[in-house]
Amino acid sequence: MSKLIRLNKGYDIKIQGAPASKLSEGFTSRTYSVKPIDFNGLSPIPKLMVSEQTEVKAGDPLFYDKSDERIHYCSPVSGEVVEIRRGDKRAVEEVIILADSEIRSRSWEKKDVASLQRDEIVQRMLESGAWLFLRQRPYDIAANPDDTPKAIFITGWDSSPLGPDYNFIMQGRESDFQAGIQVLSKLTSGKIHLSLNAKSKPAAAFNTVQGVEVHWFQGPHPAGNVGIQIHHIDPINKGEVVWTINPEDVANLAVLFTEGIYSPVRTVALTGPEVIKPQYYKTLQGASIEQMVVNNLQDNHVRFIAGNVLTGKTIGQKGHIGFYDRQVTVILEGDEPELLGWLFPSYPRPTKSMAYWAYANEAPAGYRVTTSTHGEERAFVVSGQYEQVLPMDIYPVHLIKAIMAKDFDLMEGLGIYEVSEEDFALCEFVCTSKINVMDIIREGLDYMHEQNG
Amino acid sequence: MDPIKPIRDTVGKNLWKQVEELEPNFKKGGMLQSLHSTFDAFKTFLFVPPITTQRGTHIKDAIDLKRTMFIVVIAMIPCLLNGIFNVGHLHYVANGMYPGFWEGFGPKILYGLSKVLPIVVVSYGVGLGVEFAFAQYRGHPVNEGFLVSAMLIPLIMPPDIPLWMVALATVFSVVIVKEAFGGTGMNVLNVALTARVFIFFAYPTYISGDQVWIAGMSDNPDAYSGATVLGVWAKQGFDAVKQVGFSTINQSVGYAPIDMFLGFIPGSIGETSKLAVLIGALILIWTGVGSWRIMLSVFVGAFVMGLLLNAMDLAFDFNNPHLSVPAYYHLIAGGLAFGAVFMATDPVTAAQTTTGKYIYGFLVGVLSIVIRVLNPAYPEGVMLAILFMNVFAPLIDHYIIQSNIKRRLARG
């Protein structure tokens with residue numbers, strides 16, 4: 001059973017540097033890292049279980065959070081912890097591991113997925129670090145092992161700018177994906193929903209899989225966001241919990257049981273206008289981008305983003321991708337003053353507003369975007385903008401105001417449980433007043449999480 | 001692609017250097033510290049500053065508030081140009097000269113400029129002065145919103161309004177209506193309309209009646225009369241307007257619908273030409289800067305109310321000649337069109353939800369006609385209707401929001 005859900009609201013930002021459907025040969029990363037900041041709700045100073053020079057294997061725990069000591073944050077590779085990088089107030093920014101040339105994993109007993117019990121699945125996922133593949137809504141944080149979610153949602157479509165193509169990523173992982181779905185089916189009391197792009201030819205892994213309910217989505221970004229899909233398939237009401245997981249992690253999860261090793265494979269799309277050869281790289285969670293971008297850049301004055309241009313995080317040229325990232329984007333820094341730029345823009349730039357009619361209707365191969373804010377932050381003035389890019393039955397401006405006023409009842413009433421900051425990324429992009437909408441939404445989610453315990 | 005590249009290359013870099021060299025003087029501890037906001041406003045007018053994204057999205061839409069407000073000012077230019085011409089045109093026609101459009105075109109423009117330009121200068125000068133002072137005092141950047149308000153104010157004034165009155169009304173509306181509520185984005189009432197309503201109640205003889213709508217008339221009040229369309233309707237009924245629109249020294253000129261549409265009739269400076277308003281509306285709608293939902297629903301509301309009153313007139317004997325004015329005439333008479341396009345659409349003071357915008361606009365239209373027709377004291381109602389609905393816009397939104405909350409609860 002499957003049905004088509006058409007969404008009209010949203011916006012596809014056209015940017016140069018879409019990845020070619022090609023896997024780079026012979027890529028290896030020397031270092032890997034795990035960053036506490038990748039996990040919403042995790043304290044900035046987690047309890048470290050290793051120190052510099054500790055030898056670890058893939059699946060060995062590096063740290064845990066005092067709020068739930070069962071959830072281990074583990075090393076993706078074997079090697080030596082070479083640096084524990086600290087930031088302000090001793091917050092742990094990164095635990096960096098120098099990888100062995102041959103990666104050894106902690107090994108677990110190989111299992112037939114059909115015979116697995118829920119308890120042993122949860123147990124092995126918690127101790128291997130694979131538990132973090134699961135994220136829960138509300139709040140978009142690590143799942144709670146005590147919950148049984150009403151459903152699990154998987155999106156097979158990243159609609160964000162230059163987002164990786166899961167139909168490419170999932171090639172050859174048909175049996176792992178199927179086995180992973182079987183494992184997941186023991187964790188939920190309800191269904192597993194798989195949402196796909198109606199305008200693409202789905203990968204065999206998605207096409208042949210059993211045990212999921214398939215939904216077809218069509219429309220501009222954020223139609224591929226799992227939060228938007230949940231809202232249209234089976235919205236989250238107060239007190240309900242759903243989990244989400246990335247399709248590649250579904251396959252990685254299967255390997256934990258079928259082969260008994262922790263192997264968090266990340267097929268990463270290197271994208272963006274400043275990349276000479278945008279393509280895919282097969283690597284592991286937390287890999288360094290150094291070898292991807294070396295001799296592969298058009299310009300030196302660039303920003304490296306782990307993730308996409310809307311929700312990614314800035315990293316250095318030798319930085320590491322985050323736990324959930326399957327994309328690296330490189331764009332120009334836009335820190336030049338622009339004479340009368342609001343009247344005569346000096347270079348083409350994406351816009352949804354017809355106030356820059358020359359760019360709003362153009363359909364070029366893509367823009368060479370920069371990090372310029374194209375104007376200063378102002379008081380909130382223009383209404384109706386956010387609504388055009390949020391395909392949900394939610395009043396974004398009023399939700400944001402409720403968050404700023406810390407009005408918990410109103411936040412709840414206006415649907416805070418259904419949203420994540422990534423769903424509001426386009427609101428922030430189109431905002432005339434240049435307001436940091438995502439920060440406010442995250443603040444609201446953290447308030448609610450704190451409030452509800 | 002880049003129309004001013006030569007200028008950018010030659011002037012841009014040096015100018016930026018100069019700006020950067022000057023900047024320390026305006027910073028804390030500098031000689032001209034008290035002009036920091038003013039300096040900043042001019043700097044960011046000349047240059048989009050080199051600010052990059054630090055948190056959240058790494059790229060941002062090209063649009064900003066400067067561009068948005070600039071578009072609104074552009075949309076008002078046809079009304080301004082028409083206003084300048086019409087002020088001169090009516091002045092000469094009322095004195096029995098140059099009845100044709102092209103006759104005496106130059107003198108008409110010059111006369112119009114001599115009347116309109118000072119009002120524009122006073123409105124901008126005084127208003128921006130207050131804005132800069134508040135920005136400095138509060139440590140905020142200067143918001144661009146007033147660039148629009150300052151252009152709206154002259155367009156809704158009668159041509160002979162004393163300049164000190166414009167200044168006083170501008171100060172009142174910026175200080176009491178905007179800054180007292182927290183500045184741009186926080187005001188409940190439309191700033192420009194409040195300036196008008198201030199004069200309307202404080203100095204009514206300068207902004208109502210039959211004498212103020214044609215420039216230079218108050219010098220020689222016995223010679224002729226220059227009532228607005230609505231002024232005639234209110235007193236003498238619909239049919240009168242075709243014959244006695246305004247009387248000049250030699251003759252009496254009626255207002256045909258085409259005059260009302262093209263705007264060669266007495267009225268406030270910028271609102272008379274529905275054609276100019278229409279051009280402005282098209283610019284606002286095409287660029288997406290103004291809400292077509294509000295504009296459309298104002299007209300629908302006014303038309304529906306007009307029809308209702310026509311029906312009442314047929315059914316009962318109210319002895320109010322205004323009731324019989326055909327509903328569609330209401331749409332091209334008075335300031336309704338101008339109010340619908342430039343005033344009711346102010347995003348800060350209008351309803352913010354999509355459904356709310358329809359309701360808000362509809363009620364603005366209905367109330368305008370109610371005041372116009374049923375209130376004997378005020379011939380025009382659009383100003384008061386918009387201000388009234390400004391106050392109620394948050395309430396409309398509140399009910400829309402509540403229905404969303406109920407829908408969510410019912411789902412659970």
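Residues numbered from 1 in each chain as written. Chains lettered and ligands numbered in written order. Predicted model: local features only at pLDDT ≥ 70, side-chain atom pairs only at ≥ 80, totals over all residues.

For the rest of this paragraph, the subject is the overall build of chain B. When helices and strands are counted, chain B shows 16 helices and four strands. Against the 2.2 N^0.38 benchmark of 22 Å for 412 residues, chain B shows a C-alpha radius of gyration of 23 Å, consistent with a compact globule. Taken along its principal axes, the extent of the C-alpha atoms in chain B is 70 × 70 × 45 Å. Within chain B, buried positions represent 51% of all 412 residues. Summarising the internal contacts of chain B: among those between residues at least 6 apart in sequence, 68% fall at separations of at least 24. (Helix = DSSP H or I, 4+ residues; strand = E, 2+ residues; numbered from the N terminus. Rg over C-alpha atoms; globule rule 2.2 N^0.38 Å. Buried ≥ 20, exposed ≤ 12 C-beta atoms within 10 Å, placed from the backbone. Contact = placed C-beta atoms within 7 Å.)

With that out of the way, let us pick up the overall build of chain A. Secondary structure summary: chain A contains 12 helices and 20 strands in total. Expected size for 453 residues packed as a compact globule is a radius of gyration near 22 Å; at 21 Å, chain A falls within 12% of this value. Viewed in the frame of its principal axes, chain A has a C-alpha envelope of about 65 × 50 × 50 Å. Burial analysis of chain A (453 residues in total) assigns 55% to the buried set.

Here we come to the interface of chain A and chain B. Quite often, the size of an interface is put as the accessible area lost when its parts meet. In this assembly, 64 residues from chain A lie in contact with 54 residues from chain B. Those elements that place two or more of their residues in the side of chain A that touches chain B are strand E17 (302-306), strand E20 (338-339), helix H8 (357-360), helix H9 (396-404), helix H11 (425-430) and helix H12 (437-452) of chain A. Looking at the side of chain A that touches chain B, the element that brings in the most residues is H11 of chain A, giving four residues. When the residues that make up the side of chain A that touches chain B are grouped by side-chain class, the tally is 29 nonpolar, 20 polar and 15 charged. Examined bridge by bridge, E20 of chain A and strand E1 (residues 47-48) of chain B share two bridges and lie antiparallel to one another. Across the sheet, residue Glu338 of chain A finds its bridge partner in E1 of chain B, namely Val48 of chain B. (Nonpolar A, V, L, I, M, F, W, Y, C, P; charged D, E, K, R; others polar. Pairing = 2+ DSSP bridges.)

All names here are of chain A. Here we have three strands laid out as an open sheet, ordered E3-E5-E6, and antiparallel in their pairing. Either end of the sheet is taken by a strand with one partner, and the two such strands are strand E3 (47-48) and strand E6 (68-74). In the sheet, E3 pairs with strand E5 (residues 61-65) via two bridges, with the strands oriented antiparallel. Considered in E5, the bridge of Lys47 is made with Tyr64.

For chain B, the assigned domains read domain 1 (7-46), domain 2 (65-262) and domain 3 (290-411). Taking only C-alpha atoms into account, the centre of domain 1 of chain B sits 46 Å from that of domain 3 of chain B. (Domains from an automatic or database assignment.)

To continue, consider the domain arrangement of chain A. Residue and element names in this part refer to chain A. Here chain A is partitioned into domain 1 (2-19 + 29-258), domain 2 (265-345) and domain 3 (386-452). Using only C-alpha atoms to locate each centre, domain 1 and domain 2 end up separated by 22 Å. If you look at the interface, domain 1 gives 28 residues, while domain 2 gives 28 residues. At the level of secondary structure, the elements contributing two or more residues to the side of domain 1 that touches domain 2 comprise strand E2 (31-34), helix H2 (166-169) and helix H6 (247-258). Per-element tally for the side of domain 1 that touches domain 2: the top contributor is E2, with four residues. The class makeup of the residues in the side of domain 1 that touches domain 2 is 14 nonpolar, nine polar and five charged.

This paragraph deals with helix H1 (residues 118-128) of chain A. Buried residues of H1 of chain A: Ile121, Arg124, Met125, Leu126 and Ser128 of chain A, and no others. Where H1 of chain A is buried, its residues contact E6, helix H3 (174-185) and H6 of chain A.

Further remarks concern the confidence of the model for chain B. For chain B, the average pLDDT comes to 89, and 95% of its residues sit at 70 or higher. The ipTM value of the predicted complex is 0.94, and its pTM value is 0.93. (pLDDT = per-residue confidence, 0-100.)

This part covers the nonpolar core. Counting residues in hydrophobic clusters, the biggest one holds 127 residues, and the most contacted among them are Ile152, Val328, Leu399 and Cys427 of chain A. Here the element with the most residues in this core is H6 of chain A; it accounts for seven residues. Excluding anything up to four places from it in sequence, Leu399 of chain A contacts Ile394, Met411, Leu414, Gly415 and Ile416 of chain A. Of all hydrophobic cores here, the second largest spans 109 residues; its members include Ile84, Val191, Ile199 and Val382 of chain B. (Core = buried A, V, L, I, M, F, W, Y, C linked by C-beta atoms within 7 Å.)

Turning our attention to helix H5 (residues 145-155) of chain B. All names here are of chain B. Of all 11 residues that make up H5, 11 are buried, and the element is covered over most of its length. All of the buried residues in H5 are Gly145, Phe146, Leu147, Val148, Ser149, Ala150, Met151, Leu152, Ile153, Pro154 and Leu155. Among the structural elements, helix H3 (65-94), helix H4 (105-138), helix H6 (163-178), helix H7 (191-202) and helix H14 (336-343) are those in contact with the buried residues of H5.

Residue and element names in this part refer to chain B. The geometry of H3 relative to H4 is characterised by a closest axis approach of 7 Å and an angle of 110° between their N-to-C directions. With respect to H4, the axis of H3 lies roughly perpendicular. Here the hand of the crossing between H3 and H4 comes out right-handed. Across from Gly83, Ile84, Phe85, Val87, Gly88, His89, His91 and Tyr92 in H3, the residues of H4 making contact are Pro107, Lys108, Ile109, Leu110, Tyr111, Gly112, Leu113, Lys115 and Val116. Class assignment of the residues belonging to the contact of H3 with H4 gives a composition of 10 nonpolar, five polar and two charged. (Axes fitted to C-alpha atoms, helices over the stretch in contact; angles between N-to-C directions. Parallel < 35°, antiparallel > 145°, perpendicular 65-115°, else oblique. Left-handed = near helix turned anticlockwise from the far one by under 90°.)

Attention shifts here to the packing of helix H12 (residues 292-315) of chain B against helix H15 (residues 354-374) of chain B. Residue and element names in this part refer to chain B. Relative to each other, H12 and H15 sit at 40°, their axes nearing to 7 Å. With respect to their mutual orientation, H12 and H15 come out oblique. Where H12 crosses over H15, the handedness of that crossing is right-handed. Along the lines of polarity and charge, the residues of the contact of H12 with H15 split into 18 nonpolar, seven polar and two charged.

This next bit is on the pairing of strand E7 (residues 79-86) of chain A. Residue and element names in this part refer to chain A. With two bridges joining them, strand E4 (residues 55-56) and E7 adopt antiparallel strand pairing. Paired with Glu55 across the two strands is Glu80, which belongs to E7. Strand direction decides the pairing type here: E7 and strand E8 (residues 92-99), joined by seven bridges, are antiparallel. Along E8, the bridge assignment pairs Arg86 with Val92. Connecting E7 to the next strand, E8, in antiparallel fashion are five residues, including Lys89 with a positive phi near 50°.

What follows deals with the pairing of E8 of chain A. Residue and element names in this part refer to chain A. Counting buried residues along E8, six of its eight residues qualify, which places the element largely inside the surrounding structure. Bridge count between E2 and E8: four bridges; the pairing is antiparallel. Bridge assignment links Thr31 to a residue of E8, and that residue is Leu98.

Our next topic: the sheet that holds E8 of chain A. Taken together, four strands build an open sheet; the order of strands is E2-E8-E7-E4 (chain A) and the sheet is antiparallel. Each edge of the open sheet is held by one strand with a lone partner, namely E2 and E4 of chain A.

Time to look at unusual backbone geometry. Residue and element names in this part refer to chain A. Here Arg137 and Pro138 are connected by a cis peptide whose omega angle stands at 0°. With respect to the helices and strands, Pro138 occurs in the loop between strand E9 (135-137) and strand E10 (141-142). For the bond running from His221 to Pro222, omega is 10°, close enough to zero to count as cis. Even without a glycine there, the phi angle at Gln53 is positive, about 80°. For Gln53, the position within the fold is in the loop between E3 and E4. With phi around 50°, Leu340 is a residue other than glycine that occupies positive phi space. Checked against the element boundaries, Leu340 lands in the loop between E20 and H8.

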